[in-house]
Amino acid sequence: MDRQRQEIVQAGSLIVALGTNISVVAETREAMGIEAYNDLLATIGEGLQAIGAFLIGTIPDDDFLSFSGNWIDGVGAAMSSLGSYLAHTNTVDSDQSKRIIVVGDSFQSMGASISALADYEDGNINSARGNVTQALGAGLEAIGTLLIINESPESGQLIVVIGSTLQAIGGNYIARLEWSE
């Protein structure tokens, strides 16, 4: 990978990692019963994840799986950011914003899974591990949010916190890999 491409991937992975860290703070605060600014923090965190994934997706790549995975992940993060923003501004009712977040988290899980497959096929096992961890985390976030919608808020929020933590671990792992090259 030439230097310019490497710098774009490094910047994108760092932005994703920062976004996942902000999101896990928002979800942990929510689980602790601290309600102020969580939707705003989630909006910012998911938005940064989208920007990072889209930035990485701008790199011309012959690998369709890698390209698709990054863009699907970015679309999912953008949808989750939108859902959190709508909740923050009370534009729609709580269940509607959460449904948008479920779809967004599901897309993030699919995108990270596709990226993991691309990494695996490329022989980049460590990066595949990071993407699998992110995919699992995003999937758990979607499941947890569905539980919250379906009248199990405490257990649902715990699953969301676990999922967002896994996403942060995966995002930070990938950023560390990219910056160590």
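For clarity, every value in this text was computed on a predicted model and none was experimentally measured. (Residues numbered from 1 in each chain as written. Predicted model: local features only at pLDDT ≥ 70, side-chain atom pairs only at ≥ 80, totals over all residues. Heavy atoms only, no water.)

A few points about the pattern of salt bridges
Thinking step 1. Counted by the stated rule, this structure contains 1 salt bridge.
Thinking step 2. One salt bridge in this structure joins Glu7 and Arg3, with 3.2 Å as the shortest N-O distance. With Glu7 and Arg3 both in helix 1 (residues 3-31) and 4 residues apart, the pair spans about one turn of that helix.
Thinking step 3. Overall, Glu7 belongs to the partly exposed group, its relative accessible area being 40%. (Salt bridge = Lys/Arg side-chain N within 4 Å of Asp/Glu carboxyl O. Helix = DSSP H or I, 4+ residues; strand = E, 2+ residues; numbered from the N terminus. Buried < 20%, exposed > 50% of the residue type's maximum accessible area, 1.4 Å probe, protein only.)

Looking at the packing of aromatic side chains
Thinking step 1. In total, this model carries 2 aromatic pairs according to the counting rule given.
Thinking step 2. Ring geometry for Phe54 versus Trp71: centroids 4.8 Å apart, planes at 35°, classification tilted. Residue Phe54 is located in helix 2 (residues 38-57), and its partner Trp71 is located in helix 3 (residues 64-88); the two are separated by 17 residues in the primary sequence.
Thinking step 3. Since its relative accessible area comes to 24%, Phe54 is described here as partly exposed.
Thinking step 4. A residue is classified by how much of its surface remains accessible, and Trp71, at 33% relative accessible area, is partly exposed. (Phe/Tyr/Trp six-rings, centres within 6.5 Å; stacked < 30°, edge-to-face > 60°.)

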